[in-house]
Amino acid sequence: MYIVLLGAPGSGKGTQAKLLEREFNIGHLSTGDLFRTILADEGHPLYEDVRVIKEGKFVSDDIVNKVVAEGLTSDRFKSGAILDGYPRTVSQAEVLDEILADLDGAVDVVIDLDVSKDVLFKRLLGRRVCPKCKRVFNVKEGIEVCPDCNIPLIIRDDDNEQVIEARFKEYREKTAPLQDYYISSGAPYIKVKICDVDKTPYEVQEFILDQLKKIDII
Ligand SMILES: [Zn+2]
């Protein structure tokens, strides 16, 4: 089973990917993880292609596609994958269709975490992180000191209104064509609307599982 997860930064995509990974026992594919694995192994066939990341540069769409194509053939993904952060563009989505066709698969379902700007703002502005272990908390938990490291939590520099607003706008603009692509592709599409009241990760997961049952995916 191949699941594509869509969602703005702060939508909880990574958390849902982990929960679904456990539920279905399929691999969680994040491009960041794939890059890190390759960069840790100088003998990897794609090492030269992605080395520029070490210099803080971006890799081209083509390279990202190659990395995903290679990654998906690994044992971890032999029963499928939850794709988190890929595809980002329609052209990547088209390539993904080809990659999966080569593996005798297809996108089985798209899960779109549609979190409103208000909810996203509340989540991100309330976010506190441990500067040492990077664990993330929310101000409403009432925790001011990391229980593991015993140092005060901080607000990340990019968790401010302007940055969040810009990231959200960019996400909307870039993702709208991708949403259209998948909706018109006919792949089952689950939209999780989180608008006025925030939902916990478990509430979101329950909703997703319910919807998957309804469309006979599980
Ligand atoms: Zn810590």
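The coordinates are above.
What you are looking at is a predicted structure, and each value in this text was computed from that prediction instead of being measured.

Considerations on the overall build of the protein
Consideration 1: Looking only at helices and strands, the protein has 8 helices and 7 strands in total.
Consideration 2: The C-alpha radius of gyration of the protein comes to 18 Å, within 12% of the 17 Å expected for a compact globule of 218 residues.
Consideration 3: Along the three orthogonal principal directions, the C-alpha set of the protein runs to about 50 × 45 × 30 Å.
Consideration 4: Taken over 218 residues, the protein has a buried fraction of 43%.
Consideration 5: Long-range pairs, those at least 24 residues apart, make up 66% of the contacts in the protein between residues at least 6 apart in sequence.

Side note on the coordination of the zinc ion
Consideration 1: Within the first shell, the zinc ion binds the protein through Cys130 (SG), Cys133 (SG), Cys146 (SG) and Cys149 (SG), at distances of 2.2 to 2.3 Å.
Consideration 2: What the 4 donor atoms of the zinc ion show is an angle range of 105 to 112° at the metal, which sorts the shape as tetrahedral.
Consideration 3: Taken in chain order, the donor set of the zinc ion reads C-x2-C-x12-C-x2-C. With Cys133 in the loop between β5 (127-129) and β6 (136-138) and Cys146 in the loop between β6 and α7 (161-185), the pair connects residues that are 13 residues apart, well separated along the chain.
Consideration 4: In this structure Cys133 comes out as partly exposed when scored by relative accessible area, which is 37%.
Consideration 5: Judged by its relative accessible area of 1%, Cys146 falls in the buried class.

So, the pattern of salt bridges
Consideration 1: Applying the stated criterion across every chain yields a total of 17 salt bridges.
Consideration 2: With its nearest N and O atoms 2.9 Å apart, the salt bridge here joins Asp114 to Lys193. Here Asp114 is found in strand β4 (residues 109-115), whereas its partner Lys193 is found in strand β7 (residues 189-194), with 79 residues between them in sequence.
Consideration 3: Exposure remark for Asp114: the relative accessible area of 11% places this residue in the buried category.
Consideration 4: The partner of Arg127 in a salt bridge is Asp159, with the nearest N and O atoms 3.0 Å apart. Of this pair, Arg127 sits in strand β5 while Asp159 sits in the loop between β6 and α7, placing them 32 residues apart in sequence. In this pair, the class of Arg127 matches that of Asp159, namely buried.
Consideration 5: Salt bridges linked by common partners bring Arg127, Arg156, Asp158, Asp159 and Arg167 together as one network.

A closer look at the pairing of β4
Consideration 1: For β4, the tally of buried residues reaches 7 of 7 residues, placing the bulk of the element in the interior.
Consideration 2: Side-chain alternation along β4 places Val109, Ile111, Leu113 and Val115 on one buried face and Val110, Asp112 and Asp114 on a second face that is also buried.
Consideration 3: The pairing of strand β1 (residues 2-7) with β4 spans 5 bridges and is classified as parallel. Within β4, the residue paired with Leu5 across the bridge is Ile111.
Consideration 4: Alignment of β4 against β7, held across 6 bridges, turns out to be parallel. For Ile111, the partnering residue across the bridge sits in β7 and is Ile190.

So, the side chain of Arg128
Consideration 1: With respect to the helices and strands, Arg128 occurs in strand β5.
Consideration 2: Put simply, Arg128 is tucked away with no salt bridge, and the nearest opposite charge, on Asp159, sits 6.8 Å away.
Consideration 3: Leave out the neighbours within four places in its chain, and Arg128 touches Arg135, Val136, Phe137, Val139, Leu153, Ile154 and Ile155.

Regarding a negative patch on the surface
Consideration 1: On the surface, a cluster of negative charge is contributed by Glu94, Glu98, Asp102 and Asp104.
Consideration 2: By the element assignment, Glu94 lies in helix α5 (residues 90-102).
Consideration 3: Accessibility expressed as a relative area gives 40% for Glu94, which makes it partly exposed.

What about the packing of aromatic side chains?
Consideration 1: Taken as a whole and judged by the stated rule, the model has 1 aromatic pair.
Consideration 2: Summarising the aromatic geometry, the rings of Tyr181 and Tyr182 are spaced 5.3 Å apart at their centres and angled 75° between planes, so their arrangement reads as edge-to-face.
Consideration 3: Relative accessible area serves as the criterion here: at 1%, Tyr182 is assigned to the buried category.

Cut-offs and rules
- Here the residue numbers are simple positions, counted from 1 along each chain's written sequence.
- Owing to the predicted nature of the model, reporting of local features is limited to residues with pLDDT of at least 70; listing and counting of side-chain atom pairs is limited to 80 or more, with chain, interface and lining totals taken over all residues.
- As a convention, hydrogens and water are excluded, and side-chain values are obtained from all of the structure's heavy atoms.
- Secondary structure counts use DSSP, requiring at least four H or I residues in a row for a helix and at least two E residues in a row for a strand, with both numbered from the N terminus.
- Only C-alpha atoms enter the radius of gyration; for comparison, a globular chain is expected to reach 2.2 Å times N to the power 0.38, where N is the number of residues.
- Each residue is assigned to one of three classes by its accessible area relative to the maximum for its type, calculated with a 1.4 Å probe on protein chains only: buried under 20%, partly exposed between the two thresholds, exposed over 50%.
- Every residue pair with non-hydrogen atoms within 4.5 Å of one another is taken to be in contact.
- Sites may look incomplete, because water is not among the atoms used; the donor set itself consists of N, O and S atoms within 2.8 Å of the metal (3.2 Å for Na, K and Ca).
- Just to be clear on the cut-offs, tetrahedral is four donors with all angles between 85 and 135 degrees, square planar is four donors and octahedral six with opposite donors over 155 degrees apart and all others between 65 and 115, and anything else goes down as irregular.
- Think of a salt bridge as a Lys or Arg side-chain nitrogen and an Asp or Glu carboxyl oxygen that are within 4 Å of each other.
- Strands are labelled as partners when DSSP assigns at least two bridges between them.
- The convention is simple: Lys and Arg are positive, Asp and Glu are negative, and His and the chain ends are not counted.
- Every patch collects residues that have over 30% relative accessible area and no salt bridge, joining them within 9 Å if they carry like charges and within 5 Å if they are nonpolar side chains (Val, Leu, Ile, Met, Phe, Trp, Tyr).
- The accessible surface values rely on the Shrake-Rupley method and a 1.4 Å probe; as for residues, cover is taken only from the protein chains in view.
- By convention, the charge on Lys lies at NZ, on Arg at CZ, on Asp at CG and on Glu at CD.
- Each Phe, Tyr or Trp ring, with Trp reduced to its six-membered ring, pairs with another whose centre is within 6.5 Å; inter-plane angles below 30 degrees give stacked pairs, above 60 give edge-to-face pairs, and intermediate values give tilted ones.

By themselves, these observations are geometric and do not establish any function.
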